Each structure stands twice: as C-alpha cells, then as structure tokens.
Amino acid sequence: MSRLLLLATGGTIAGCADDSATLNDYTAGVLGGDALLAAVPQLQDLATISFEQIANVDSADLSFAHWRALVGRIRDALAEDLELSGVVITHGTNTLEETAWLLQLMLDDPRPVVLVGAMRPATALSADGPLNLLQGVQVALSPAARGHGVLVVMDGQIHGAQGVTKLATQGVGAFASPGSGPLGWVDDLGVHLLMASGSRQVPFAELALPELWPQVPILYGCVEPHPLLLNACLRAGITGLVFTGTGAGQLSAGECRVLEGWAGKRPLMLRANRCGSGPVHACSEDERLGLLPAGSLNPQKARVLLLLALIAGLDRGGLAELVSARP
Ligand code: ASP
C-alpha cells in the first residue's frame, strides 16, 4: 500500500464548538491529527498514513518557528523515505495560502505536498473537513499531482500554491485562484488534473531557515494614508516592507515623499495591490524610491517571498531577478 505522511497544524478542520449548529463561535485547533484521520475510515483503504502534530493552533497564531519545523520535517521525510508517496498538511484556512507559498518556494521534490483545511468546525452539521481530507489524500496519491508543486485542495477544487487565496469569510467554497482558476478538481470519479508540464523553479530549495527571522510589515493603501506607520517602520530599522498599493500597486504622493525624504538605509520594498487579482508592473518611479513590483503575488505572498529573500541575503538586484521570474 502507498504511504503518506499527515502533518497536522490545527485550524477549523480540527476545531470544536459546543453545538453542531454553531459555525462561527468555536475553538480552532482542538482535535489531533489522529482524530481527523479516524473521522474518515475510507482513508484506510487508500494508503498507510502516519501522522505527526506540528502544532494545534488557529492559523493566525502560526509562527516562523512552526514554518521552520514544517519545512524541516517535510524535507527530511521526503529525503529519508523514497517510497513515501507524498505529504498532506491540515491547516487553518486563514493563512493556508501563505504556508502553501512558503513550501512552494522551498521544497524541490516532484512528490505531492497537499494542504487542506475546512471552513466549518469538525463538530458542525455538514462539516467540510472530512471530505477535504479524503480528497486531499486522493490528490496526494495521484500520479497526476506529481511535479505540480504544492497544492491546496478545498471543496473539490485543486489549486496551485502561487495563485490560490481565501476570498470569503464564510462558506465551503471560500478558496479561488483569481485570474488563473483552479488547476483541476477531485470527485468520486477521481483526480482530474493535467500532467505537470516541465520542471518548476524552486528558488530557496537549499535555504536553511534561521531561528530569528527578519520582520516584514505590510502597509495598506487608502485615501490619505497616515504617514505615521511608514515612518515608524523606517525608524524601527525594518529590513523589508510590502505595500498593498491601490489599483495596480500605486503609492500615494505622501508615502512617496516619506520614502524620498528618508536618509537612512532603505528596506527591500515590494509593491503589491489591494484589488485581489491582476499584476503589478514596474513603473518609472520604482528605481528612485527603491521599490520593486510584486507581479501577481498578493501582499501576504509577496511578504513570504521577501522574508525568504532577506534570509537568503539577497539585495535589490537579486530580489528584482526573483520577482521578474514569477509570472
Ligand atoms: N480560524 C481558522 C484558522 O485557523 C479558520 C479556518 O481554519 O478556517 O485559520
């Protein structure tokens, strides 16, 4: 039988409420990975699944230490057991896309790594976690999933780590890949996914993660943004900063003035956008202000890329190469 590793991190999929009709007021990260597996007896016919508990938290409370543990464990598991078919991770949906993207940038192995979560706690009527877990396992076991990089399986859809995002606060269909759409889907007839074409770039496959990470804030664009936050970031000596610009990543004139007037060392800075889809391209002011466009990455994924770039010691030129290599 095929072997899979399940790494459990918590989230609503492991969440419990007092009442089965309660969908919002519950505690995330209560059940262990063993209970999640036990809730889906059909898994026993599909694979031998061992599980490890990396964390059991609401995904808003995941830390860099958890990310470090997750990356290390997956790298070791794939290197030590060449017969392992793949890895499935249960995760809170709120930051699932950040973890998926981090792993996509760091894991260089064709075997599937699949993240699943749930929008309803495990105690809910029509909880979506058990089916998402079953379908995540089906995808992880599918030869068609090899080489696609890190995948997210929610509500029968299979998404790629770069495009996927959580777009709604409620409802089981809360995930989408704006612009590109899902890579495929999974149902009781099987996994519908085209074979991966070509090899993918894994820019941080060799990067070792430190205990202490750089701090990279995200600033949100709006009418008359208060200069206080940007000034505070610069004065605090942060080394990386992501702007969630308006439209195609536009900064206000006030923010540009703050950057122009800053005499200290500039952080590495990416311009993403708050629209939810579409790219941010380079513009003529980028060079003067020390900015770089984040391409199609949303702000939270731009931040993950910037964190890893800073850990790797990249300068602005290195970061520019990295972002221009992303579609
Ligand atoms: N609060 C949850 C989390 O851990 C939300 C979820 O999992 O759906 O992100």
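Above this text is the structure in question.
Residues numbered from 1 in each chain as written. Predicted model: local features only at pLDDT ≥ 70, side-chain atom pairs only at ≥ 80, totals over all residues. Heavy atoms only, no water.

1. Considerations on the sheet that holds strand β11 (residues 218-220)
Link 1 in the chain: The strand order β11-β12-β13-β14 describes an open sheet built from 4 strands, whose pairing is parallel. Each having just a single partner strand, β11 and β14 (291-293) make up the two edges of the open sheet. Mean inter-strand twist for the sheet, computed between neighbouring axes without regard to direction, equals 30°.
Link 2 in the chain: Lying over the sheet, helix α9 (residues 299-311) contacts β11, β12 (240-245) and β13 (268-273), oriented at roughly 165° with respect to β12. (Pairing = 2+ DSSP bridges. Helix = DSSP H or I, 4+ residues; strand = E, 2+ residues; numbered from the N terminus. Axes fitted to C-alpha atoms, helices over the stretch in contact; angles between N-to-C directions. Contact = heavy atoms within 4.5 Å.)

2. Points about unusual backbone geometry
Link 1 in the chain: Even without a glycine there, the phi angle at Ser126 is positive, about 55°.
Link 2 in the chain: Looking at the element boundaries, Ser126 is found in the loop between β4 (113-116) and α5 (129-141).
Link 3 in the chain: Judged by its relative accessible area of 57%, Ser126 is exposed.
Link 4 in the chain: Notably, Glu224 is not glycine yet its phi reads approximately 50°, a positive angle.
Link 5 in the chain: Mapped onto the elements, Glu224 comes out in the loop between β11 and α6 (227-235). (Buried < 20%, exposed > 50% of the residue type's maximum accessible area, 1.4 Å probe, protein only.)

3. Some remarks on α6
Link 1 in the chain: Residues of α6 that are buried include every one of Leu230, Cys233 and Leu234, and no others. With its buried residues spanning 95° around the axis, α6 presents them on a single face. What points out from α6, more than 90 degrees from its buried face, is the exposed set Leu228 and Arg235.
Link 2 in the chain: Buried residues in α6 make contact with β11, β12 and α7 (253-261).
Link 3 in the chain: Backbone geometry just downstream of α6 places Gly237 in the positive-phi region, at approximately 80°. (Arc of directions from axis to C-beta.)

4. Points about the pairing of β12
Link 1 in the chain: Counted residue by residue, β12 has 6 buried out of 6 residues, so it is predominantly covered.
Link 2 in the chain: Sheet topology places β11 next to β12; 3 bridges connect them, and they run parallel. Residue pairing across strands places Tyr220 opposite Thr244, the latter belonging to β12.
Link 3 in the chain: Viewed along the sheet, the connection from β11 through α6 into β12 turns out right-handed.
Link 4 in the chain: Here β12 pairs with β13 via 6 bridges, running parallel. Residue pairing across strands places Gly245 opposite Asn273, the latter belonging to β13.
Link 5 in the chain: The β-α-β motif built from β12, the intervening α7 and the parallel element β13 has right-handed crossover chirality. (Right-handed = clockwise from strand over helix to strand, strands pointing away.)

5. Some points on the sheet that holds β4
Link 1 in the chain: Read across the sheet, 8 strands follow the order β2-β1-β3-β4-β5-β6-β9-β10 without closing on themselves; strand pairing throughout is mixed. Strands with a single pairing partner mark the edges of an open sheet, and in this sheet they are β2 (48-57) and β10 (190-193). Within the sheet, the average angular offset between the axes of one strand and its neighbour, ignoring direction, is 20°.
Link 2 in the chain: Relative to strand β9 (residues 184-187), strand β6 (residues 157-160) runs antiparallel, the two being bridged by 2 bridges. The residue bridging Ile158 from the neighbouring strand is Gly184, located in β9.
Link 3 in the chain: Lying on the sheet, α5 is in contact with β1 (3-10), β2, β3 (84-90), β4, β5 (150-154), β6, β9 and β10; it crosses β3 at an angle near 150°.

6. A few points about helix α3 (residues 64-80)
Link 1 in the chain: The first and last C-alpha atoms of α3 sit 24 Å apart over 17 residues, in line with the 24 Å expected at 1.5 Å per residue.
Link 2 in the chain: Against the buried residues of α3 lie β1, β2, β3, α4 (96-106), β4 and α9. (Expected span 1.5 Å × (residues − 1).)

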